[in-house]
Amino acid sequence: MALIEFFKTKGQSGFGYGSTAEEVTRNLDLKGFTYLLTGCNSGLGLETLKILCMRGANVFACARTIDKAIHACSKISTRAIPLACDLSEPDSIKKAIVQIKSMGLLLDGIIANAAIMALPKLQKNHLNGTLT
């Protein structure tokens with residue numbers, strides 16, 4: 001709950017700063033839909049996984065490691081299918097694609113949630129001028 005919700009009125013949709021994903025999607029039926037979600041194991045990704053499954057969707061839940069994906073999915077639903085997909089590793093991405101194709105489910109959407117919160121500060125190497 002954010003303090004700002006007490007000072008702002010709800011919008012035309014009836015939702016505002018204090019609205020939850022569960023409230024906003026209350027009448028949404030996603031049975032028969034399949035999504036790919038990156039960054040499923042924490043923060044907004046974990047909440048997105050929860051809501052998609054709650055509304056009936058099947059979700060390919062991707063995390064950097066299979067252990068992280070399994071851990072996230074085990075908290076949520078059997079509709080969540082854990083996959084390792086490290087977006088910084090092309091071979092990991094290719095392997096995830098092969099796994100998804102082998103299950104024969106077509107994707108209705110992709111939610112590209114994975115991100116790095118803060119990049120390390122780059123420093124210039126004064127010997128050769130490269131950034132590290």
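Residues numbered from 1 in each chain as written. Predicted model: local features only at pLDDT ≥ 70, side-chain atom pairs only at ≥ 80, totals over all residues. Heavy atoms only, no water.

A. Focus on the environment of R64. Summarising the element assignment, R64 is placed in the loop between strand 2 (58-63) and helix 3 (66-76). Of the residues examined, R64 reaches a relative accessible area of 51% and is grouped as exposed. A C-alpha to C-alpha distance of 9.3 Å links R64 and C40, two positions 24 residues apart in sequence. Not counting the four nearest positions on each side in its chain, R64 is found in contact with A84, C85, D86 and I116. (Helix = DSSP H or I, 4+ residues; strand = E, 2+ residues; numbered from the N terminus. Buried < 20%, exposed > 50% of the residue type's maximum accessible area, 1.4 Å probe, protein only. Contact = heavy atoms within 4.5 Å.)

B. Local environment of helix 2 (residues 43-54). The terminal C-alpha atoms of helix 2 lie 17 Å apart, and with 12 residues this matches the ideal 16 Å at 1.5 Å per residue to within 8%. Looking at the buried side of helix 2, the elements it contacts are helix 1 (21-24), strand 1 (34-38), strand 2, helix 3, strand 3 (80-84) and strand 4 (109-111). Where helix 2 ends, the next residue or the one after it, G56, has phi of about 100 degrees, a positive value. (Expected span 1.5 Å × (residues − 1).)

C. Layout of a nonpolar patch on the surface. On the surface, L3, F6 and F7 cluster together into a nonpolar patch covering about 420 Å² of accessible area. Tracing the backbone shows F6 in the segment before helix 1. Here F6 falls in the exposed class, since its relative accessible area comes to 56%. (Patch = residues over 30% accessible without salt bridge, like charges linked within 9 Å, V, L, I, M, F, W, Y side chains within 5 Å. Areas by Shrake-Rupley, 256 points an atom, 1.4 Å probe, with all protein chains shown as cover. Salt bridge = Lys/Arg side-chain N within 4 Å of Asp/Glu carboxyl O.)

D. A look at the sheet that holds strand 3. Spatially, 4 strands are ordered 3-2-1-4 in an open sheet, and the strand pairing comes out parallel. The open sheet has two free edges, formed respectively by strand 3 and strand 4, since each of these has just one partner strand. Averaged over all neighbouring strand pairs, the angle between strand axes comes to 20 degrees, with direction disregarded. Both strand 2 and strand 3 contribute to a ladder of 5 bridges, which runs parallel. Paired with A63 across the strands is A84, a residue of strand 3. Strand contacts of helix 4 (residues 90-102): strand 1, strand 2 and strand 3, with the helix running at about 150 degrees to strand 3, the strand carrying the most contacts. (Pairing = 2+ DSSP bridges. Axes fitted to C-alpha atoms, helices over the stretch in contact; angles between N-to-C directions.)

E. Highlighting the packing of helix 2 against helix 3. Where helix 2 meets helix 3, the closest approach of the two axes is 10 Å, and the angle between their N-to-C directions is 45 degrees. With respect to helix 3, the axis of helix 2 lies oblique. Crossing angle aside, the handedness with which helix 2 passes helix 3 is right-handed. Together, L46, L49, K50 and C53 of helix 2 and A72, C73, K75 and I76 of helix 3 make up the contact between the two elements. (Parallel < 35°, antiparallel > 145°, perpendicular 65-115°, else oblique. Left-handed = near helix turned anticlockwise from the far one by under 90°.)

F. Up close: the packing of aromatic side chains. One pass over the full model with this rule turns up 1 aromatic pair. Arranged with centres 6.4 Å apart and planes meeting at 15 degrees, the rings of F33 and Y35 form a pair that is stacked. A relative accessible area of 35% places F33 in the partly exposed class. (Phe/Tyr/Trp six-rings, centres within 6.5 Å; stacked < 30°, edge-to-face > 60°.)

Just geometry here; none of it tells us what the structure is for.
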